[in-house]
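So you can see what is in the structure, the chains are spelled out below.
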Number of protein chains: 2
Amino acid sequence: MHAHYHAVIMAGGSGTRLWPLSRRRHPKHLLALLESSTLFQSTVARLQGAFPRERVWVVTVREQAQALQSQAPAIPPQNYLPEPAPRGTASVVGLAAVALRHRDPDAVMAVLPSDHYIRHVSLFHRLLEAAYLLAQEGFLVTLGITPTYPATGYGYIQRGEALGIYNDLKAYRVRRFKEKPDQATARQMLAEGGHSWNSGMFVWRADAILAEIRRQMPDLATALDEIAAAWGTPQQESVLARVWPGLRTETVDYGVMEGAEKVAVIPAQGLGWSDVGSWESLFDILPADADGNILRGGEHVSIDARDNLVFVQNGQHRKLVAVLGVENVVVVDTEDALLVCSRDQAQRVKEIVQRLEKEGKEAYL
Amino acid sequence: MHAHYHAVIMAGGSGTRLWPLSRRRHPKHLLALLESSTLFQSTVARLQGAFPRERVWVVTVREQAQALQSQAPAIPPQNYLPEPAPRGTASVVGLAAVALRHRDPDAVMAVLPSDHYIRHVSLFHRLLEAAYLLAQEGFLVTLGITPTYPATGYGYIQRGEALGIYNDLKAYRVRRFKEKPDQATARQMLAEGGHSWNSGMFVWRADAILAEIRRQMPDLATALDEIAAAWGTPQQESVLARVWPGLRTETVDYGVMEGAEKVAVIPAQGLGWSDVGSWESLFDILPADADGNILRGGEHVSIDARDNLVFVQNGQHRKLVAVLGVENVVVVDTEDALLVCSRDQAQRVKEIVQRLEKEGKEAYL
């Protein structure tokens, strides 16, 4: 892709929604959940052929930097940008924009979560290319996903006027961002049309996002100015360490996108995208047997069992899981913790994590 | 109890219905399933105060003899009667009768499975005493359990004419033995009254059961004659080894009881008995929390989960099991195998074992 196009992978999260597989020290993007490679490695691999490795960046927290570098050694070490502490995606995006502009004042950056799944990589590349073209015109571009069912786990984007065709894909102004809806609202939006899921993937010029941050989050802009002034100097680390902890934690969606002026969406259909946001989401991604059972890892016996997900942690390959007479159940077995939950309650796994925190059962977090 | 009263514990079975906890090498009666002691140990303990240890006998297969002796060292070694190979309870009962008569020609023997649960021990002793009194009159006495629900997992006994009161308990002639019924038949029998569950516990004079064997199973009687002639001589082992393998495998219920002439039943109410015949049966035995969940072994978190049984094998005390949004599910976790099944299908666990056998997955048997 064009010499000013960069990709920034956001890899700092912890994530509790895939407990007991994801843990504090084994966050979701570092798990080999779907393939033999981790979600982070798959995210890096997905960019191959589209970007030279010098233009792939990774923002992460210090504790994860080493694990990430060992998983993707081809990315230059100086392209790893360490967040001193988690302060939300608005801060992360600002930091990345500062670092990219330092190297390339005309940088156009894609912001990509490290823990998503995309089945159709070539369509993803086409979509990115379209978004870069539109971003060159100053738009903050969101990659939209055409809904396939009335999901309540995603935010929605309502489109406005058409902006034209970019790389064979239609682009629109964003009319409104909508938070995760209830079931009825989700159904209504699907029936109405004109709505996309918010994928959390964005493309914009580094200077455009910084200008919007300055307009809407002046405190963050001031901090980023200080960081930018010290960037590449011996003071870089000390300024970052001084300024960062005082930042307000805010997402780029709420802090910037919802109030931004030139916001566009390019809806993608058939991308085979998932945020892998819960065990339930794996039903959309992983292949099932004739009875609808998804059986991963270990050994399996299933009798009169339908539409279950049975997931055995790597390294427990001798563990046999037998399911009998159950339907729509998620079973996740790790060495020290086992989850059995109904498929339609899987998004509540975080409540288990909260309970464990409350009861001081640190070993399982 | 009376000097001619003996108790014979039948401890040779393997049992697949509590897989994955019960295994070929860890049969059900050797498991500490309900208490810190094993079912076999509890069976022995239940006889304390009623019998001196010299009159407690154990019939078992050779592979289990050592484990049993170490679990109940108070029983004299010569009271362990080894079955050379499993040939059904008719053969076992015959062998025990031969051994008991050799020591005590007037022996009256209770035949007791080693893997049952009885909550009310004092009532059990009263019931045994009553059965011994009736057996002295030449009856083959079955201990009946007054049904508390239309169980399909037990055989039923229909009572006939009253035989009188023995030790404050009513005794009846047996009118008919009925095999495990379907749900409708079970309901009908409960509505009709006059039916007991067949507990598999029997009391009879050793000579009375041998006479009935001679009448109904002459081949077995001939073999038992040979064994009796050699019993206590240096040829005991070699005769047993020669004669035993040729025996037909038959249960005492079908082979003897159904066709016997003087058969009685003493129905017991409120004994708190269970044959612990499936994971489902534990719901009747083990205490549940306020949500109806039975949580044994390991650590537990349950959220919006009701009426489940979660059983973690001893030795896995650090394993945490979280159940979320599921009802009437049985979860049994062992080091190498995990069972997740619906409560009402729990009696089909043996199908899992059959599947494992068929697929040659010996490690899990």
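Counting restarts for each chain, with residues numbered from 1 along the sequence as it is written. All chains are assigned letters beginning at A, and all ligands numbers beginning at 1, according to the order in which they are written. Per-residue local features of the predicted model are confined to residues with pLDDT of at least 70, and side-chain atom pairs are confined, for both listing and counting, to 80 or more; whole-chain, interface and lining totals are unaffected and use all residues. Note that the side-chain values use all heavy atoms of the structure and ignore hydrogens as well as water.

## Brief notes about helix α2 (residues 62-71) of chain B
Residues and elements named next belong to chain B.
Then, in step 1: Among the residues of α2, Q64, A65 and L68 are the ones counted as buried. Take α2 and look down its axis: the buried residues cluster within an arc of 120°, on one side only. Every exposed residue of α2 that faces more than 90 degrees away from the buried side is listed here: E63, Q66 and S70.
Then, in step 2: Contact definition: two residues touch when any of their heavy atoms are within 4.5 Å. Helix and strand labels come from DSSP, where a helix needs a run of H or I of at least four residues and a strand needs a run of E of at least two; each type is numbered from the N terminus. Those residues of α2 that are buried are in contact with α1 (39-46), β2 (56-61) and β3 (80-83). Burial classes follow relative accessibility: with a 1.4 Å probe on protein chains only, a residue under 20% of its type's maximum area counts as buried, one over 50% as exposed, and anything between as partly exposed. Of all possible arcs, the one meant is that of the directions from the helix axis to the C-beta atoms.

## With respect to the relation of the copies chain A and chain B
Then, in step 1: Least-squares superposition aligns the copies on the C-alpha atoms of those residues with pLDDT at or above 70 in both. Once turned by 180° and shifted 0.0 Å along the axis, chain A lies on chain B with an RMSD of 0.1 Å. Interpreted geometrically, this transformation is the action of a two-fold axis.
Then, in step 2: Residue by residue, 100% of the interface of chain A is reproduced at the interface of chain B, so both copies engage with the same surface.

## Re the confidence of the model for chain A
Then, in step 1: The predicted model of chain A has a mean per-residue pLDDT of 94, with 100% of residues at 70 or higher.
Then, in step 2: The complex prediction reports pTM at 0.89, with the ipTM value standing at 0.89. pLDDT runs from 0 to 100 and stands for how confident the predictor is about each residue.

## Some points on the sheet that holds strand β12 (residues 294-296) of chain A
Then, in step 1: Spatially, the six strands line up as an open sheet ordered β12(A)-β14(A)-β16(A)-β17(A)-β15(B)-β13(B), and their pairing is mixed. Lying at the two open borders of the sheet, with one neighbouring strand each, are β12 of chain A together with β13 (299-303) of chain B. Here the average twist between neighbouring strands, direction ignored, is 5°. Each pair of strands is called paired provided DSSP finds at least two bridges between the two strands. Every angle, taken between N-to-C directions, lies between 0 and 180 degrees, and every axis is a line fitted to C-alpha atoms, over only the stretch in contact when it is a helix.

## Focus: the packing of aromatic side chains
Residues and elements named next belong to chain A.
Then, in step 1: A pair of aromatic rings is counted whenever rings of Phe, Tyr or Trp (Trp by its six-membered ring) have centres within 6.5 Å, and the orientation is called stacked for planes under 30 degrees apart, edge-to-face for over 60 and tilted otherwise. Considering all chains together, one arrives at 16 aromatic pairs over all chains under this definition.
Then, in step 2: Centroid distance Y149 to W197: 5.3 Å. Interplanar angle 75°. Geometry classified as edge-to-face. Of this pair, Y149 sits in the loop between β6 (140-145) and β7 (156-166) while W197 sits in strand β9 (residues 195-205), placing them 48 residues apart in sequence.
Then, in step 3: A residue is classified by how much of its surface remains accessible, and Y149, at 33% relative accessible area, is partly exposed.
Then, in step 4: The exposure class of W197 is buried, given its relative accessible area of 3%.
Then, in step 5: Plain terms: the ring middles of Y154 and W197 are 4.8 Å apart, the flat faces sit at 50° to each other, and that makes the pair tilted. In this pair, Y154 sits in the loop between β6 and β7 while W197 sits in strand β9, placing the two residues 43 residues apart along the sequence. Each member of the pair, Y154 as well as W197, is classed as buried.
Then, in step 6: Ring pairs connect the aromatic residues Y149, Y154, W197 and W273, which therefore count as one cluster.
Then, in step 7: Whether a charge sits over a ring comes down to the Lys NZ or Arg CZ being within 6 Å of the ring centre and within 35 degrees of the ring normal. A cation over an aromatic ring shows up here: R343 above the ring of F283, its NZ or CZ 3.7 Å from the ring centre.

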